Amino acid sequence: MAFNYLSLGSNADWKKLEDRLAVDQANPHIAGMIVTRLRELGALSVLVEDDYLDRDFSEAYSAYYSTTFRRHTKLCTRLLFFGNDISFVNATADAEELSNKLEASSFLGQVVLRPISQAPVSQALLAAPPAPASHEGYLLVRSKHTYHVWGAELSVEGVPMTQQDSRVGACAQATIWVAARHFHQRHRGPWLSTVSITRAALAQSEAHTNLMLPAGSESLTVNNMVAALRAAGREPLIYYAASPQAWGAVRPYDIINRYVDSGIPVIVGLTFPNQPVGHAVVATGQVFRLTAPAAFPPNPTRAEYLEALYVNDDQIGPNIRVGLRQGSALNEAHYTIEENASYLIIPLPGKVYLPAEKAEALSWSNLRSYAADWPAFQAKHQAKLGGGSIPLGDDFVAKLAANEVVARTYLTYGWKYKRRGLRNRLSNPVRQVILNLETPRFVYVTEFATLDDTTGRTQFDRRIQAHSVVDATAKNQGADSVLFLNAPGFCAWHSHDKNGIFQRSVAPIADSATYYPKARGDVDFAKFKLSQF
């Protein structure tokens, strides 16, 4: 093994790195974008490992490169990036001390370069980028990746990108590879290479894929992509538009936002005017404004605050920001979601039979029933509601009527919802209901917040006043799909009786208060509890 240490302390050092990344690179964007992301992360050092065997390229080598007349090597180069000075690798004589120091360093991610021309980036995985100024940014499709060098274990949370190698795959394979690698890393799904993705996609080949050699190397149909995602253990849900800007009442960024908020990568198909061949990218996160728009549509969602999406684009780079519409100051791509998105592929887990927008619609319906019944419910249970529930309920119902309540819907495990619910600052009677609530493997949760509890507040200062839980395994079951609803002064839930029949229960809740929205990774709401709100 051959290792070299490089400093990133000067502009000249960064230029050397960019030049190294650009060797044999046909794409004019990727090297610069990787450098941009690393500068944002505060990278100070690089450990370069030559003679690295990359599992992904080894599969491509066996399937294609070893069969060509031109000789190729299997040896790749790996670049490991750190947010601190690791010059000690050249000065530390004690092997154990060297390994320990490296393990204690600030690891930011890695890039693997394969020994081929035109598309050398086999993998780029970097830590979540910092949010742009005056915005909040969340890389929500991420998992812990661990690498080993000199006996040290280096870990980083992120989502990898691979560059399209048109000899063995197209952008379709690159997007599926990102999704499948995330599912493998976070949910123990199968490990798939670009080669195995193409094989799965062509198991029932279409004539279109044999218009090029090797078959499927330049494009896949949506049917091929569905077949490959099923090989990754997912059940794809597809949304089509007649054309970009022709999505009708369903806005593509609303759909993307719900599923990305659930930690599910969304494959976004793009088309361009006067271009016969489209493109596909993977949405992995959100970038929000802190301010609300001037006006809301009916039943507004959290996407009203959305300014851009984090995207892995194999033609531009990792964790780029793609604006929702023309004129976005944050956009780093030559396309936008509104102008160019023509289809979405959502790789759902099995046993999810309800789309997120239908779950959200059911939650809105139940919330409006609560609001309509609130005056009568309040009069009937006034003695049990306590001093806090009545004014909070009155204010919430008034804001709902004024279209000043915003929904946020996400898919989660039933047990995870219960774990968070029992640790939230809900009243004990509500927590008791959650404790005994029967939940399926997957549920949709819709949180409802007022503008006052959302606009102008950063993540851990925001609060919600109501939430609903919907059975994600239900289909066409109407109100029976809604397992739970909590709103100021009110709690309703379903349970099975001994014959398996759903029973609905309702209870007044004394002294309701605002409580915490979900934040990924903060199960105990520790950061929320530090807030003054």
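What counts, and at which threshold
Residues numbered from 1 in each chain as written. Predicted model: local features only at pLDDT ≥ 70, side-chain atom pairs only at ≥ 80, totals over all residues. Heavy atoms only, no water. Helix = DSSP H or I, 4+ residues; strand = E, 2+ residues; numbered from the N terminus. Contact = heavy atoms within 4.5 Å. Areas by Shrake-Rupley, 256 points an atom, 1.4 Å probe, with all protein chains shown as cover. Lys, Arg positive; Asp, Glu negative; His and termini not counted. Charge placed at Lys NZ, Arg CZ, Asp CG, Glu CD. Axes fitted to C-alpha atoms, helices over the stretch in contact; angles between N-to-C directions. Parallel < 35°, antiparallel > 145°, perpendicular 65-115°, else oblique. Left-handed = near helix turned anticlockwise from the far one by under 90°. Nonpolar A, V, L, I, M, F, W, Y, C, P; charged D, E, K, R; others polar. Pairing = 2+ DSSP bridges. Core = buried A, V, L, I, M, F, W, Y, C linked by side-chain atoms within 4.5 Å. Buried < 20%, exposed > 50% of the residue type's maximum accessible area, 1.4 Å probe, protein only. Salt bridge = Lys/Arg side-chain N within 4 Å of Asp/Glu carboxyl O. Phe/Tyr/Trp six-rings, centres within 6.5 Å; stacked < 30°, edge-to-face > 60°. Lys NZ or Arg CZ within 6 Å of the ring centre and 35° of its normal. Expected span 1.5 Å × (residues − 1).

Within the chain one finds 14 helices and 20 strands. The principal-axis extents of the C-alpha atoms in the chain amount to approximately 85 × 60 × 50 Å. Put simply, of all contacts in the chain between residues at least 6 apart along the chain, 68% involve residues at least 24 apart. Total accessible area on the chain stands at roughly 22,200 Å², and carbon and sulfur atoms take up 50% of it. Between the centroid of the 52 positive side chains of the chain and the centroid of its 49 negative side chains there is a distance of 5 Å.

Looking now at the packing of helix H1 (residues 11-21) against helix H2 (residues 30-41). H2 packs onto H1 with a crossing angle of 140° between their chain directions and a minimal axis gap of 9 Å. Considering their axes alone, H1 and H2 lie oblique with respect to each other. The way H1 lies across H2 gives a crossing that is right-handed. Residue-level inspection shows Asn 11, Trp 14, Leu 17, Glu 18 and Leu 21 of H1 in contact with H2, the latter providing Ala 31, Gly 32, Ile 34, Val 35, Leu 38 and Arg 39. Here the contact of H1 with H2 is built from residues that sort into seven nonpolar, two polar and two charged.

Let's shift gears to the sheet that holds strand E18 (residues 482-487). The sheet built from six strands is open, its strands ordered E15-E16-E17-E18-E19-E20 with antiparallel pairing. Edge positions in the open sheet fall to strand E15 (405-413) and strand E20 (502-508), since each of these has one partner strand only. Neighbour-to-neighbour, the strand axes of the sheet open up by a mean angle of 15°, direction not taken into account. Bridge count for strand E17 (residues 466-471) against E18 is four bridges, and the pairing is antiparallel. Along E18, the bridge assignment pairs His 467 with Asn 486. Against the sheet, helix H13 (residues 428-436) engages E18 and strand E19 (490-496), with an angle of about 170° to E18.

Counting residues in each nonpolar core, the largest one holds 49 residues, and the members touching the most others are Tyr 259, Tyr 335 and Tyr 444. Sort the elements by how many residues they give to this core and helix H8 (residues 252-261) lands first, with five residues. When residues no more than four places from it in sequence are discounted, the contact partners of Tyr 335 are Leu 270, Phe 272, Val 281, Val 311, Asp 313, Ile 316, Ile 320, Val 322 and Asn 340. Among the nonpolar cores identified, the runner-up in size contains 40 residues, and Val 46, Leu 47, Tyr 147 and Ala 152 belong to it.

Turning to the pattern of salt bridges, a few remarks are in order. Across all of its chains, the model carries 20 salt bridges by this definition. In this structure, the salt-bridge partner of Lys 15 is Asp 19, at a minimum N-O distance of 2.9 Å. In this pair, Lys 15 and Asp 19 are both assigned in helix H1, four residues apart and thus about one turn of the helix distant. Owing to a relative accessible area of 46%, Lys 15 belongs among the partly exposed residues under this scheme. Here Glu 338 ties to Arg 325 by a salt bridge, and the two come within 3.4 Å at their closest N and O atoms. Placement of Glu 338 in helix H9 (residues 337-340) and of Arg 325 in the loop between strand E13 (317-323) and H9 is noted, with a sequence separation of 13 residues between them. Relative accessible area serves as the criterion here: at 27%, Glu 338 is assigned to the partly exposed category. With a relative accessible area of 32%, Arg 325 lands in the partly exposed category. Each of the salt bridges in this network shares a partner with another, and the network as a whole consists of Arg 37, Glu 40, Arg 321 and Glu 332.

Scanning the entire structure with this criterion turns up 19 aromatic pairs. With a centroid separation of 5.3 Å and 70° between ring planes, the pair formed by Phe 377 and Phe 490 is classed as edge-to-face. Remark: Phe 490 occurs in strand E19 and Phe 377 occurs in helix H10 (residues 356-380); sequence separation between them is 113 residues. A residue is classified by how much of its surface remains accessible, and Phe 377, at 12% relative accessible area, is buried. You can call Phe 490 buried: its relative accessible area is 8%. An aromatic cluster of at least three residues, connected via ring pairs, comprises Tyr 370, Trp 374, Phe 377 and Phe 490. Here Arg 234 stacks its cationic end above the ring of Phe 183, 3.8 Å away from the centre of that ring. If you follow Arg 302 out to its NZ or CZ, it ends over the ring of Phe 288, 4.1 Å from the centre.

Here we take up unusual backbone geometry. Both trends apply: most residues other than glycine have a negative phi, and most peptide bonds are in trans. Although it is not a glycine, Ser 134 adopts a positive phi angle of roughly 65°. Secondary-structure assignment places Ser 134 in the loop between strand E5 (121-126) and strand E6 (135-139). Ser 134 sits in the exposed class, given a relative accessible area of 63%.

Our focus in this paragraph is the side chain of Arg 78. With respect to the element layout, Arg 78 can be found in strand E3 (residues 75-82). Excluding residues within four positions of it along the chain, Arg 78 makes contact with Leu 47, Val 48, Glu 49, Tyr 52, Gln 110, Val 111, Val 112, Tyr 147, His 148 and Val 149.

Taking 1.5 Å per residue, 17 residues should reach 24 Å; helix H5 (residues 171-187) reaches 24 Å between its end C-alpha atoms and fits that length. Of the residues flanking the end of H5, it is Arg 188, one or two places downstream, whose phi is positive at about 60°.

The strand order across the open sheet formed by five strands is E1-E2-E3-E4-E5, and the pairing between neighbours is antiparallel. Edge positions in the sheet fall to strand E1 (2-7) and E5, since each has one partner strand and no second. In this sheet, adjacent strand axes meet at a mean angle of 15° when their direction is disregarded. Pairing analysis gives five bridges linking strand E4 (residues 107-113) to E5, with the strands arranged antiparallel.

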